Amino acid sequence: MTCDETPEEVILACGVNSELDPPLRRQVEDAAASYRAADPVFAHWAAGYGLILHDPLTQTRIHSLVKTLMAEGLVPDAATAYRRLAATDRLASAAMWLVVHMTYARKVRLDGNELVAGDFKPHPEGHTGGSLNMVPAYVAYLALNALTGHTRGWLMGQGHCVAAVDAVNLLAGNMSPGHAERYGLDDARLSRFVGDFYSYAVRADGHPESPLGSHVNAHTAGSLQEGGYLGFAELHYAHAPLPGERLVAFLSDGAFEEQRGSDWAPRWWRPEDCGFVAPLMILNGRRIEQRTQIAQQGGERWLHAHLQLNGFQPIGLDGRDPASFVWGIHAIELRQQARLDAYLTAGFDTGAPLRYGVAQAPKGFGFPGAGTNRSHNLPLAGNPSLDKAARAEFNAACKRLHVAEAELREAVSTLATHDVQRRPMERDHALATRHVPLPELPEPSWRTPGETVAPMAALDEYFVATVTANPELRPRVGNPDELRSNRLDHTLDRLKHRVHAPEPGVAEACDGAVITALNEEAVVCAALANKGGINLVVTYEAFAVKMLGALRQELTFARQLRLAGRTPGWLSVPLVLTSHTWENAKNEQSHQDPTLTEALLGEMQDAVRVIFPPDANAAQAALRTVYSEQGRIIALVVPKRELPVLLDSGQAAVLLRDGVVQLEYNPDAEIDMVATGAYQLAAVRRAWERLREHAVAANLIYLGEPGRFRTPRDAVEAGHVHDDETLQRWFTPTRRRLFVTHMRPEPFLGALRRLDDGPGLTQALGYGNRGGTLDVDGLMFANRCTWAHAVVAAANLLGQSPSAWLSSAEYEAVMGRGLPAVLWQKRPA
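About the cut-offs
Within every chain, residues take consecutive numbers counted from 1 along the sequence as written. In keeping with the model being predicted, local features are shown solely for residues with a pLDDT of at least 70 and side-chain atom pairs are shown and tallied solely at 80 or more, while totals for entire chains, interfaces and linings include all residues. Processing note: side-chain calculations cover all non-hydrogen atoms of the structure and skip hydrogens and water entirely. Nine residue types can take part in a nonpolar core, namely buried Ala, Val, Leu, Ile, Met, Phe, Trp, Tyr and Cys, and a core is a set of them joined through side-chain atoms within 4.5 Å. The rule is simple: take the accessible area with a 1.4 Å probe, protein chains only, and divide by the maximum for that residue type; under 20% is buried, over 50% is exposed, in between is partly exposed. Only runs of H or I of at least four residues qualify as helices and only runs of E of at least two qualify as strands under DSSP, and these elements are numbered from the N terminus. Residue contacts are defined here by distance: any two heavy atoms, one from each residue, within 4.5 Å place the two residues in contact. A 3.5 Å cut-off defines polar contacts: any pair of N or O atoms within that distance qualifies, except that in protein one atom must be a possible hydrogen donor and the other a possible acceptor, and neighbouring residues in sequence count only when both atoms are side-chain atoms. Here the rule is simple: two strands pair whenever DSSP picks up at least two bridges between them. If you view a crossover with the strands going away from you and the path from the first strand over the helix to the second runs clockwise, you call it right-handed. Inter-axis angles, ranging from 0 to 180 degrees, are taken between N-to-C directions of lines fitted to C-alpha atoms, where helices are fitted over the stretch in contact. Expected helix span is computed as 1.5 Å times (number of residues minus one). Between 65 and 115 degrees an angle is taken as roughly perpendicular, under 35 as roughly parallel, over 145 as roughly antiparallel, and anywhere else as oblique. In a left-handed crossing the near helix is turned counterclockwise from the far helix by less than a right angle, and in a right-handed crossing that turn is clockwise. All residues other than Ala, Val, Leu, Ile, Met, Phe, Trp, Tyr, Cys, Pro, Asp, Glu, Lys and Arg, Gly among them, are scored as polar; the first ten of these are nonpolar and the last four charged. Of the two site types, the cavity is a set of points on a 1 Å grid over the protein atoms alone where a 1.4 Å probe fits but cannot get out, and the pocket is an open set with protein on both sides within 12 Å along at least five of seven lines, each lined by residues with an atom within 4 Å of a point. Grid points are joined across faces, edges and corners, and a volume is the space filled by probe spheres set on the points. Here a Phe, Tyr or Trp ring, Trp counted by its six-membered ring, pairs with any other such ring whose centre lies within 6.5 Å, and the pair is stacked when the planes are under 30 degrees apart, edge-to-face when over 60, and tilted otherwise. Remark: a charge is flagged as sitting over a ring if the NZ atom of Lys or the CZ atom of Arg is within 6 Å of the ring centre and within 35 degrees of the ring normal. Whenever a carboxyl oxygen of Asp or Glu lies within 4 Å of a side-chain nitrogen of Lys or Arg, that contact is scored as a salt bridge.

A.B. asks: Got a minute to help me understand the nonpolar core in this structure?
C.D. replies: In terms of nonpolar packing, the biggest core is built from 128 residues, with Leu-636, Met-673 and Leu-738 touching the most fellow members. Among the elements that make up this core, the one with the highest residue count is helix α31 (residues 787-798) (10 residues). Those residues in contact with Met-673, other than ones at most four positions away along the chain, are Val-684, Ala-687, Trp-688, Leu-691, Ala-698, Asn-699, Leu-700, Ile-701, Leu-738, Ala-790 and Ala-794. Grouped together as the second largest cluster of nonpolar side chains are 94 residues, Leu-110, Ala-167, Leu-170 and Val-216 included.

A.B. asks: Can you walk me through the side chain of Gln-592 in this structure?
C.D. replies: Mapped onto the fold, Gln-592 is located in the loop between β12 (573-578) and α23 (595-601). Polar contacts involving the side chain of Gln-592 include one to the main-chain carbonyl oxygen of Glu-588, which spans 3.2 Å. Here the side chain of Gln-592 touches Gly-772 through a polar contact of 2.9 Å, landing on its backbone oxygen. For Gln-592, the contacting residues outside a window of four places in its chain are Ala-542, Thr-581, Asn-584, Ala-585, Lys-586, Asn-587, Tyr-767, Arg-770, Gly-771, Gly-772 and Leu-779.

A.B. asks: Explain the pairing of strand β5 (residues 354-360) to me, please; I cannot follow it from the model alone.
C.D. replies: Two faces belong to every sheet, and in a regular strand the side chains alternate between them. Taking burial as the measure, the 7 residues of β5 include 6 buried ones, the bulk of the element. Where strand β3 (residues 276-283) and β5 come together, 4 bridges link them in parallel fashion. Paired with Ile-282 across the strands is Ala-359, a residue of β5. The pairing of strand β4 (residues 312-318) with β5 spans 7 bridges and is classified as parallel. In the sheet register, Gly-316 faces β5, and the bridge partner there is Val-358. The handedness of the β4 to β5 crossover, carried by helix α15 (residues 322-346), is right-handed.

A.B. asks: Whenever I open this one, the sheet that holds strand β20 (residues 762-765) confuses me. Can you help?
C.D. replies: Sheets are built from strands paired through backbone hydrogen bonds, the pairs being either parallel or antiparallel. If you trace the 5 strands from one edge of the open sheet to the other, you get β16-β18-β17-β19-β20, paired in mixed fashion. Two strands in the sheet have a free side with no partner beyond their single neighbour: β16 (660-664) and β20. On average, each strand axis in the sheet is inclined to that of its neighbour by 20°, with strand direction left out of account. In the sheet, β16 pairs with strand β18 (residues 698-703) via 4 bridges, with the strands oriented antiparallel. Among the inter-strand pairings, Gln-662 is bridged to a residue of β18, identified as Ile-701.

A.B. asks: Please explain helix α19 (residues 455-469) as it appears in this structure.
C.D. replies: Since there are 3.6 residues in each turn of an α-helix, residues three or four apart along the chain are aligned in direction. Along its 15 residues, α19 runs 21 Å from first to last C-alpha, staying within 8% of the 21 Å computed at 1.5 Å per residue. A large share of α19 lies buried, amounting to 11 of its 15 residues. Among the residues of α19, Pro-455, Met-456, Ala-457, Ala-458, Leu-459, Asp-460, Tyr-462, Phe-463, Val-464, Thr-466 and Val-467 are the ones counted as buried.

A.B. asks: Would you take a moment to explain the sheet that holds strand β2 (residues 246-252) for this structure?
C.D. replies: Taken together, the 5 strands give an open sheet; going across it, the order is β1-β2-β3-β5-β4, and neighbouring strands pair in parallel fashion. Both outer strands of the open sheet, β1 (153-156) and β4, are each paired with one neighbouring strand and no more. Strand after strand, the sheet turns through a mean of 25° between neighbouring axes, direction not considered. Against the sheet, helix α6 (residues 128-148) engages β1, β2 and β3, with an angle of about 175° to β2.

A.B. asks: In this structure, what is going on with the packing of helix α2 (residues 22-38) against helix α4 (residues 56-71)? I would like to understand it.
C.D. replies: To characterise two packed helices, one gives the angle between the axes of the helices and the distance between these axes. The N-to-C vectors of α2 and α4 enclose an angle of 60°; their axes lie 8 Å apart at closest approach. The angle between α2 and α4 falls in the class oblique. The way α2 lies across α4 gives a crossing that is left-handed. Listed contacts from α4 to Val-28, Glu-29, Ala-31, Ala-32, Tyr-35 and Arg-36 of α2 are Pro-56, Leu-57, Gln-59, Thr-60 and His-63. Its residues assigned to classes, the contact of α2 with α4 shows 6 nonpolar, 3 polar and 2 charged.

A.B. asks: Sorry, what's going on with the layout of surface pockets here?
C.D. replies: Over the atoms, a rolled probe matching the size of one water molecule traces out where space is still vacant. When its volume is computed, the largest pocket comes out at roughly 890 Å³. Forming the boundary of the largest pocket are 33 residues, of which His-207, Pro-208, Ser-210, Asn-217 and Gln-560 lie nearest the centre. Here the lining of the largest pocket takes 6 residues from helix α22 (residues 548-563), the largest share from any one element. Within this model, the second largest pocket holds a volume of roughly 530 Å³.

A.B. asks: Honestly, the packing of aromatic side chains in this entry has me stumped. Any pointers?
C.D. replies: Two numbers describe a pair of aromatic rings. These are the distance of the centres and the angle of the planes. Inspection of every chain in the model, using the stated rule, returns 22 aromatic pairs. Relative to Trp-154, the ring of Tyr-138 has its centre 5.5 Å away and its plane inclined at 80°; by these criteria the two rings are edge-to-face. With Tyr-138 in helix α6 and Trp-154 in strand β1, the pair connects residues that are 16 residues apart, well separated along the chain. One exposure class covers both Tyr-138 and Trp-154, and it is buried. One aromatic cluster in this structure is built from Tyr-35, Phe-42, Trp-45 and Tyr-82. If you follow Lys-531 out to its NZ or CZ, it ends over the ring of Trp-570, 5.3 Å from the centre. Sitting over the face of the ring of Phe-781, Arg-784 holds its NZ or CZ atom 5.0 Å from the ring centroid.

A.B. asks: Just to check I follow, could you spell out the pattern of salt bridges for this structure?
C.D. replies: For side chains of opposite charge, pairing can occur when their charged atoms come near one another. Taken as a whole and judged by the stated rule, the model has 42 salt bridges. The partner of Asp-489 in a salt bridge is Arg-484, and the shortest N-O contact between them spans 3.1 Å. Under the relative-accessibility criterion, Asp-489 is labelled partly exposed at 30%. Asp-672 is the salt-bridge partner of Arg-737, the closest N and O atoms lying 3.4 Å from each other. Linking Arg-737 in strand β19 (residues 736-741) with Asp-672 in strand β17 (residues 671-676), this pair joins segments that are 65 residues apart in sequence. By relative accessible area, Arg-737 is classed as buried at 2%. Counted as one network, the salt bridges with shared partners bring together Arg-609, Glu-629, Arg-632, Glu-705 and Arg-708.

Rendered as structure tokens:
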């Protein structure tokens with residue numbers, strides 16, 4: 001049997017050549033030998049370069065791939081393809097050489113001459129082993145683009161392996177503006193490049209001097225996320241590309257086994273509405289201080305069995321060889337093309353498993369210390385700037401990786417096919433340059449003040465209306481639990497849960513747009529990844545804390561993109577926090593948690609907004625505002641219970657424009673009564689009415705977006721908060737002020753220092769970490785923030801006796817001596 005007749009499942013499943021059964025191994029070896037004998041250009045590539053070797057299995061795979069590319073007219077002849085693959089080997093070797101210089105050296109010599117003690121960094125730093133393993137993978141991504149004429153996107157979960165991407169991009173001339181103005185292919189600029197890596201230099205404005213980072217950053221050409229939190233790329237990749245787009249995802253073995261949800265990609269990928277994704281795990285078997293569980297459980301064979309149980313078809317790859325990655329990406333895409341063809345021609349999805357590349361290599365392959373714990377960071381046993389033996393070891397290893405300058409430049413030129421193929425550079429791939437035009441936003445269905453409407457129900461109606469008005473935008477709804485319980489009935493009926501086998505009579509569909517899993521990180525990433533579409537994330541407020549890492553990585557990276565001149569063009573994402581702290585009074589204290597709003601209020605206002613719509617009209621206006629912006633995360637704390645409509649359309653517009661609305665104004669006011677949160681507004685209004693009964697002049701103010709009144713922390717944030725003049729127009733300086741807030745009072749006041757004139761003039765009531773199985777009134781009482789507690793606080797600020805403004809029973813209840821229920825009883829007419 002010839003190699004071309006090798007069963008597909010064997011070719012797909014095998015990793016390195018040594019894993020083949022002896023008879024099949026001989027057949028593969030014979031086939032590879034025959035190809036080498038018949039074609040000298042093939043033989044030249046097959047000989048490898050330096051440490052990069054091509055085993056017979058990879059040779060046969062590449063021979064088959066090149067025939068396919070020729071048949072499709074993607075390459076003019078086999079020799080062109082093999083020359084590009086040979087150039088790939090040289091670029092990979094040179095990039096590995098540069099990566100280890102980034103860790104250890106402060107001087108680079110393109111001629112390859114040895115470095116001396118003074119050429120090394122006194123304090124080397126770098127995630128060297130993982131970066132070395134990433135080089136063959138990323139170079140292969142560039143090579144396949146050159147072979148097929150299609151610029152794919154890329155995503156890397158191991159953000160700490162950025163040295164690989166930055167080194168390859170520099171050598172290939174695929175740099176962002178921030179890199180291109182500093183670095184280049186000569187000794188001086190390469191030396192500046194390695195010197196900038198972990199230089200720690202800071203500019204006068206507080207920003208890093210170097211555009212290089214310890215992780216992927218906004219200056220990394222083509223970057224989509226930092227990758228600082230291992231496991232989030234695994235949750236993103238299935239949802240990121242739109243139909244017609246292709247994405248290569250470089251993934252971590254440690255993240256796969258420890259971040260659940262990464263094995264769910266087959267649950268979400270569909271040919272109907274997804275672009276091609278090529279997941280590639282770098283299986284190097286080591287975490288920072290120990291072997292991975294995969295290695296402990298049985299290595300690649302155990303992992304393949306695990307993947308098969310979760311809907312993947314594993315493909316074994318040689319993680320030391322860029323050609324193996326090239327073939328693997330193409331093989332993964334072929335399966336998805338077959339599923340797409342079946343869907344387009346026959347109208348059904350074959351449901352074949354999602355192919356998944358497993359690239360095995362010792363961690364830090366290509367340099368001393370490979371496979372040891374040292375390989376994670378500093379693989380040499382000593383410091384070359386101080387240790388002669390370490391210095392000799394470094395120089396000897398670099399000699400094996402070095403590529404002569406002329407040969408390197410020729411390799412780079414061979415792979416620079418962008419102009420002739422009329423395709424963008426990899427730094428400008430479709431996902432990195434995403435720009436979604438602002439959608440058509442229908443007019444909300446405004447409710448009449450006095451009506452009783454659930455704000456979440458109104459938001460639901462407006463979301464469906466917006467989706468209907470913009471059919472070109474792919475919708476994704478991230479949902480960890482119950483949409484109907486949260487009053488998103490229309491959304492669920494329209495978009496449906498995404499499942500493999502819909503149950504009759506249930507709102508489920510194979511191509512459903514509602515991503516439901518009891519894993520908050522997985523569902524929020526489904527929406528954050530859908531940057532070419534329109535999104536909604538809905539969760540219980542208390543459980544949203546589990547989303548914080550994903551949210552913070554996203555908003556931080558988006559801000560860095562703006563500062564780097566790469567303004568994000570995706571539609572802002574609403575994070576709807578409902579069944580919130582006060583509405584979950586019945587569900588014990590685990591469900592009573594405003595932590596996420598407090599944490600997001602601590603982030604930069606230009607990157608994230610936190611808005612508290614008090615009624616149905618404000619909820620619709622808030623969602624409309626979200627979709628009129630780009631590149632931000634906007635948290636909306638929305639009640640799901642039926643509540644009176646308080647704001648008309650004009651007041652709702654003012655609230656979303658200014659972050660605050662004046663509900664009752666008295667020019668002679670002695671005190672501002674300020675609420676943040678729907679239930680807090682009800683309490684403050686009742687307190688305001690009690691003050692009015694006692695002829696106390698007070699303003700009633702709803703502060704719906706507290707972050708607009710914070711102190712800006714830099715010039716960029718200053719453009720998204722109110723200036724002093726505007727602030728004083730809403731809040732008169734030195735006037736006594738009482739806040740009743742949805743959140744904890746301390747972080748609330750900490751963010752609003754501009755409105756806090758000290759304890760003699762300003763007080764705040766809110767969540768005080770008390771709860772249990774209660775109702776809303778009971779929870780408000782437990783946290784000492786009922787209307788009556790607001791009256792007492794106002795009296796104290798005004799130097800009055802609160803007992804004069806409360807009945808004796810009310811006063812005794814507030815003081816903790818009477819029955820609390822008296823506070824929520826209606827007073828006799």
